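# Summary of structural features
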Amino acid sequence: MQLGRYQVSTLRPPPILAVDFSLDGRLFAVALKTGYEVWRTYPLALIRRRTLPGSLGRALPLPNSPLLALQGGGKSPLFAPNKVILYHDGLGVAVAELEFGEKVRGLTCRASTLCIALSRRVIAFQYGVSAPPDPSGKGKGKAKESDGGFFVTKIGEWETVTNERGLMAVASTLDSTLLAIPGRQTGHVQLIHLPACRPPNSTAPSRTTRSASQAFRSPIILAHEHELSSLACTATGSHIITTSERGTLLRVWSTSQGRLERELRRGVDRAEMWGAQFEDAVSGRVVGWSDKGTVHVWGNADDESRQDGTKSPLTDRSTPVPSLTNILSRNLPLPKYFSSSPSTALYRLPRKNPHAFASTVSAAAEAAYLPSMKMREAGEEEGEWNERFVVCWVGVEVDVAEIKREEKARPAGTSRTASMDMGIGMGTREERRSFGSDATTSRTATPTLGLGRDPPSGIPTLLRKHLLSRDPKVRASGPIPKGAGEPRRTKMERQLIAITFGGDWYRLRIPDDTVEDAEGEIQKKTGRKCELVEYRRLNVGGGGW
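Reading the values: the criteria
What you see as residue numbers is a count from 1 along each chain, following the sequence as written. Only residues with pLDDT of at least 70 get local features here, since the model is predicted, and only at 80 or more are side-chain atom pairs given and counted; chain-wide, interface and lining totals rely on the full set of residues. With hydrogens and water excluded, all non-hydrogen atoms of the structure serve as input to the side-chain values. Where helices and strands are cited, they refer to DSSP runs of H or I of at least four residues and of E of at least two residues respectively, numbered from the N terminus. The rule is simple: take the accessible area with a 1.4 Å probe, protein chains only, and divide by the maximum for that residue type; under 20% is buried, over 50% is exposed, in between is partly exposed. Criterion for a salt bridge: a side-chain nitrogen of Lys or Arg within 4 Å of a carboxyl oxygen of Asp or Glu. Think of pLDDT as the predictor's per-residue confidence, scored from 0 to 100. It only takes one pair of heavy atoms within 4.5 Å for two residues to be counted as in contact. A pair of strands counts as paired when DSSP detects no fewer than two bridges linking them. Here the aromatic set is Phe, Tyr and Trp, taking the six-membered ring for Trp, and pairing holds for ring centres within 6.5 Å; pairs whose planes are under 30 degrees apart are stacked, those over 60 apart are edge-to-face, and all others are tilted.

### Looking at the environment of Arg-528
By the element assignment, Arg-528 lies in strand E31 (residues 528-529). Residue Arg-528 is classed as partly exposed on the basis of its relative accessible area of 32%. Along the sequence, Arg-528 and Ile-510 sit 18 residues apart, while their C-alpha atoms lie 8.7 Å from each other.

### A few points about the pattern of salt bridges
Scanning all chains against the criterion turns up 21 salt bridges. Between Arg-266 and Asp-269 there is a salt bridge, and its shortest N-O distance comes to 3.1 Å. On the basis of relative accessibility, which here comes to 10%, the residue Arg-266 falls in the buried class. Accessibility expressed as a relative area gives 40% for Asp-269, which makes it partly exposed. It is possible to trace a salt-bridge network through shared partners that takes in Glu-102, Arg-121, Lys-154 and Glu-157.

### What about the confidence of the model for the protein?
Residue-level pLDDT values for the protein average 74, and 58% of them are 70 or greater. Low pLDDT (under 50) marks residues 138-146, which in the prediction has 8 contacts with non-local residues, meaning those over four places away or in another chain.

### Quick look at the pairing of strand E17 (residues 228-233)
Counted residue by residue, E17 has 6 buried out of 6 residues, so it is predominantly covered. Joining the antiparallel neighbours E17 and strand E18 (residues 239-244) is a turn of 5 residues, in which Gly-237 adopts a positive phi near 80°.

### Concerning the packing of aromatic side chains
According to the stated counting rule, one finds 8 aromatic pairs in the structure shown. Between Phe-21 and Phe-28, the ring centres sit 5.8 Å apart and the planes meet at 55°, which makes this aromatic pair tilted. Across the pair, Phe-28 and Phe-21 agree in class, each one buried. A centroid spacing of 6.4 Å and a plane angle of 55° characterise the contact between Tyr-347 and Tyr-506, whose relative ring orientation is tilted. With Tyr-347 in strand E25 (residues 345-348) and Tyr-506 in strand E28 (residues 504-509), the pair connects residues that are 159 residues apart, well separated along the chain. Pair check on accessibility: Tyr-347 and Tyr-506 agree, each one buried.

This is the structure in structure tokens:
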């Protein structure tokens, strides 16, 4: 008797093939097997869903325009892997096509500039809509841009070392000119001047300008001894951040002087860094994420205590307590690795759908000092223990009084959860670990809030008072609770958005890395956990998956 094959694991390939954020982080586009979708990062909302007769490997939103740079991918690619299509989302048509003699490895953009990485080259293009021709007939035949249509012009081409990851970083402000790409030798980064960004709706040609802050003293930075794994820069191009294939250190470099300014420690074990990003245009905090499923956050450079035991700039009245590394380094020669700065906050994304014996195999492999083992599905796509994800900074308006009240009421050693902050149910354990169940397709983490006499206890205090004040039954039965009509005191706070290729959306709050001790002195804490504020599932593809 022939029996059907019994499938032990429910692991399925992720529905998302790529996630790309816009330059300001307000939007992100997901590439799917059936087209692409454009979402608002926060508050989470679907803006556009377009179905195409094929799968996409990348969908990159171009700034200040309805254009997207599309690249074919997946099992049934819509376009050849050596093509990049500039697609007009409003019209639903392709306005330009760039074809190369090999597979495209990476894409990045800024206003009016698109950079494409190949295996050993990086090519920059300028795009836009030119002014209509002069009705007087002057200037005929000057250039292609004078016909009043959409144009794509090649700016330059540069050679690199083998760049299979398609690493690039480009500054995005109007007066910035930086393009950082891998150098011609392993671990090197070369800095290139591009023409300055054109203002929106401007038809004037761009000119290459080099301000004093962007006058590169050395166009080549010897960043690492091993192959680069990620590369990012600030919006102004003043600093870049690099990681190597070892994944233990992140290095922040000054582009104007070409020197190493900060060295950030992720961990001792080897990891593949999937990305790193600066918080703002002038360095600031740094976030990095890896295949370990962890999100590390490092504080500002000005807030870091010096390793030589001198006074910290956090406060003038307190003397920092020497760390264990500082004490041991006085008597023992420690490796240079321990002089780097540890992360101030950490979040570990939940693992998705491991096999029943995954944890046992992992523990045995670590005990035997074997390399980390991965589960590989048959076929072209692979499923790893920690699915791929991307992280981006976002500005969130938070209530100051509510945060202070919760901090005082929270017991020591506990952290705020999503259900405490937003009244959000995370679902059962099986729903969180499920990767393709039809029962959890349309389930999100936002419940329906009723206006009954007693709102759910998970809702924040101010929201509970607001709901009570709007309920006519409550108003008739008694007075409005004290403080319900008081104006809210809010502030903008920088938080993190993490999106997995499986369709999970996390909003993380970074805890304050400075605390006040019993004597009233400010001390710096490291290794604190980020707080999960909100969690949702993206219903990508318009249906179940």
